[in-house]
Amino acid sequence: MKVLNLYFSSTGNTEKVAKTIDETTRELGYPVDTVKILSKDMSPDILDYDLIFVGSGVYGQLPGKKLMDLHGALLQRFVKAGEIKPASPRRPSSHVVVYCTYGGVHTGMNEAIPAVKYMGQLFDHLGFTIIGEWYVVGQYMTKKLKSHSVGGRLGDIRGRPNQADLEEVAEKVKGVIQSVDEK
Ligand SMILES: Cc1cc2nc3c(=O)[nH]c(=O)nc-3n(C[C@H](O)[C@H](O)[C@H](O)COP(=O)(O)O)c2cc1C
């Protein structure tokens, strides 16, 4: 089983989750390509993988700009290449987990849902099964927004994602890998 761990992280929270995914996958004995999105010009061969984890922090209810730019470039490329077809026929051996880290100061998880749904669409268009949508709380790291980490809809989120959050991610990674491997 080939695993790709693709993520964008501006202030380091999503990177912690991506590292947990990387370590857990390796501990289970599977090779994994962990790739941070740095520009839209990169071209991860996403059709080459059985399982992809894709994640980003949430900014203005959406994923990071670099991830969105890459998403747009890949969509265009796959449409041109005939890999995205009307009705999006399924690719039975292709699976994706879409996740975000988010602060939710205003409306909690609801403001992170557009980001996760957005990221999932490239893969759904390609016929992947979306096998998980994960929402991991991530404190506001910038000086300007630090105060959002207390008193928002989620209460005090300082220090998140914390050890417990990352352990929960590790458990879910195990579950997903077992599920995909048994197919
Ligand atoms: C400029 C900025 C905008 C943000 N906008 C949102 C938002 O709209 N909704 C939300 O839930 N969290 C928002 N957050 C919180 C981040 O999504 C959260 O801290 C996330 O874990 C950051 O991920 P990263 O450290 O991997 O970049 C924002 C944070 C920053 C710094």
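Up top is the structure these notes are about.
These numbers were taken from a predicted model, which means no experiment stands behind them.

Visitor: Any chance you could explain the packing of aromatic side chains here in plain terms?
Guide: Given two aromatic rings, one states the distance between the centres and the angle between the planes to describe the pair. Using the criterion set out here, one finds four aromatic pairs in the structure. Ring plane angle 90° and centroid distance 6.2 Å describe the contact between tyrosine 102 and tyrosine 135, whose orientation is recorded as edge-to-face. Of this pair, tyrosine 102 sits in strand E5 (residues 95-102) while tyrosine 135 sits in strand E6 (residues 129-137), placing them 33 residues apart in sequence. For the residue pair tyrosine 102 and tyrosine 135, the accessibility class agrees, reading buried in each case. Ring geometry for phenylalanine 123 against phenylalanine 128: centres 5.3 Å apart, planes inclined by 75°, an arrangement best described as edge-to-face. By relative accessible area, which is 1% here, phenylalanine 128 ends up buried. Residue placement shows lysine 2 over the ring face of tyrosine 49; its charged tip is 5.0 Å from the ring centre.

Criteria and thresholds
Residues numbered from 1 in each chain as written. Predicted model: local features only at pLDDT ≥ 70, side-chain atom pairs only at ≥ 80, totals over all residues. Heavy atoms only, no water. Phe/Tyr/Trp six-rings, centres within 6.5 Å; stacked < 30°, edge-to-face > 60°. Helix = DSSP H or I, 4+ residues; strand = E, 2+ residues; numbered from the N terminus. Buried < 20%, exposed > 50% of the residue type's maximum accessible area, 1.4 Å probe, protein only. Lys NZ or Arg CZ within 6 Å of the ring centre and 35° of its normal.

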